[in-house]
Amino acid sequence: MLNVGRLRVLKEVAYRGSFSAAADALSYTQSAVSQQVAALEAETGLALVERHPRGVTLTAAGQTLVVHAEGILARLEAADAALSSIAGLRGGRVRMASFPTAGATLMPLAIATFRAAYPDVELTLAEGEPEDIEPRLRAGELDLALLFEFPGQPPLAQGMTRVELLEDPMFLALPHSHPLAKRQRLRLADLAGEAWIQTSQASTCARHVVRCCHAAGFEPSVSLESDDYQTVQGLVAAGVGVALIPELALSVVREDIVIRRLAPSPPLRQVIAATPSGARLVPGAPAMLGVLEAAADDYLLARERREKKGRPAN
């Protein structure tokens, strides 16, 4: 295989017309240039230059080789520039995925902040449940994922970079007309005889709600299921059941339902951001992790302000 450094020397000789001029351009000695060209001639088995008292000219073989060398060197320079752009976040791509409620709250502001800081980095966003997203992250289809997990379940994204962003409490949603709606503090056991509305039975949230009800001493009677929390709110408002809804899903609350925090403490899910580690980590992913941490901090500050006003959710 031809030596790239020697090809660069030959190109300079062709452009400058002499070994001495090429040596000046490359900051080499004239002897070093001559040795590099001689070595290249030995590699090809062909004479590449003709030496004259006032300089050199290229042979037909030398001219052909320089044409190819120009293309090779241009592509190498382009590759180097592209890598430098990615390293400086002046290019590249970050493929992301989020579960829906974080995708509607944390992720939009994070994307806007990231794009303002790094406008040349392409961002893509997919949506799904943690149990669907995590395998895609592990398989290399994604560069960053927002996930949630509940206490007692195996941690997600093991062996990857995990950043715990915030705890997302689940609140009880009741219709305004419900007999318990006027009580400010409720226990889960108080709802033992109610019809329940929850996300689809196979979802992580639904399984956790069932575990919480079991811990409170009853089997929940699930009457209806929906993975859209606005639909869940509508069903609660219609008086057909009660529901546990994560705070991230309560950025918009209907006026015809009430939201109550469960005593002594609400069920919690941990929201995490995860990225691959090692060679699979793209340069933009750590920057997006930092932006997401800041977005989570802002969300927690807004939560504190709401709680001071006696409002558990927006």
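Structural data are supplied above this passage.
Parameters at a glance
Residues numbered from 1 in each chain as written. Predicted model: local features only at pLDDT ≥ 70, side-chain atom pairs only at ≥ 80, totals over all residues. Heavy atoms only, no water. Helix = DSSP H or I, 4+ residues; strand = E, 2+ residues; numbered from the N terminus. Phe/Tyr/Trp six-rings, centres within 6.5 Å; stacked < 30°, edge-to-face > 60°. Lys NZ or Arg CZ within 6 Å of the ring centre and 35° of its normal. Disulfide = S-S within 2.5 Å. Buried < 20%, exposed > 50% of the residue type's maximum accessible area, 1.4 Å probe, protein only. Pairing = 2+ DSSP bridges. Core = buried A, V, L, I, M, F, W, Y, C linked by side-chain atoms within 4.5 Å. Axes fitted to C-alpha atoms, helices over the stretch in contact; angles between N-to-C directions. Parallel < 35°, antiparallel > 145°, perpendicular 65-115°, else oblique. Left-handed = near helix turned anticlockwise from the far one by under 90°. Contact = heavy atoms within 4.5 Å. Nonpolar A, V, L, I, M, F, W, Y, C, P; charged D, E, K, R; others polar.

1. A word on the environment of histidine 52
On the secondary structure map, histidine 52 appears in strand β1 (residues 49-52). Between the C-alpha atom of histidine 52 and that of serine 18, which follows or precedes it by 34 residues, the distance is 9.1 Å.

2. Details of the packing of aromatic side chains
Using the criterion set out here, one finds four aromatic pairs in the structure. Judged by centre distance (4.9 Å) and plane angle (50°), the rings of phenylalanine 114 and tyrosine 118 are tilted. Cluster of aromatic residues (ring-pair linked, three or more members): Phe99, Phe148 and Phe150. One cation-aromatic arrangement involves arginine 269 over phenylalanine 148; the distance from NZ or CZ to the ring centre is 4.3 Å. Across from the ring centre of tyrosine 299, 5.6 Å away, lies the NZ or CZ of arginine 306, which sits over that ring.

3. Observations concerning the state of the cysteines
Taken as a whole and assessed by the stated rule, the structure comprises zero disulfides. Distance from the sulfur of cysteine 205, which forms no disulfide, to the nearest cysteine sulfur (cysteine 212) is 10 Å. Of the residues examined, cysteine 205 reaches a relative accessible area of 6% and is grouped as buried. For the unlinked cysteine cysteine 212, the closest cysteine sulfur is that of cysteine 213, found at 6.9 Å.

4. Looking at the pairing of strand β11 (residues 268-275)
Where burial is concerned, most of β11 is hidden: seven out of the eight residues are buried. As defined by bridge partners, strand β6 (residues 161-175) adjoins β11 across eight bridges and the pair is classed as antiparallel. Residue pairing for β11: glutamate 164 is matched across the bridge by isoleucine 272.

5. Here we look at unusual backbone geometry
A cis amide bond links alanine 263 with the next residue in sequence, proline 264, at an omega value of 0°. Mapped onto the secondary structure, proline 264 falls in the loop between β10 (257-260) and β11. Positive phi outside glycine occurs at serine 27, with the angle close to 60°. Positive phi is not limited to glycine here, since alanine 157 has a value of about 55°.

6. Observations regarding the nonpolar core
Leu165, Leu172, Trp196, Met288 and Leu292 are the most contacted members of the largest nonpolar core, which has 62 residues in total. Examining the composition of this core, we find that nine residues originate from one element, helix α10 (residues 284-308), more than from any other. Ranked by size, the runner-up nonpolar core spans 18 residues in total, among them Phe19, Val33, Leu48 and Val66.

7. Considering the packing of helix α1 (residues 4-16) against helix α2 (residues 19-26)
Running from N to C, α1 and α2 cross one another at 120°; their axes reach a closest spacing of 8 Å. In this view, α1 runs oblique relative to α2, as classed from their interaxial angle. Crossing of α1 over α2 shows right-handed handedness. Here Val9, Glu12, Val13 and Arg16 of α1 lie close against α2, whose contacting residues are Phe19, Ala21, Ala22, Ala25 and Leu26. Considering only residue class, the contact of α1 with α2 consists of seven nonpolar, no polar and two charged.

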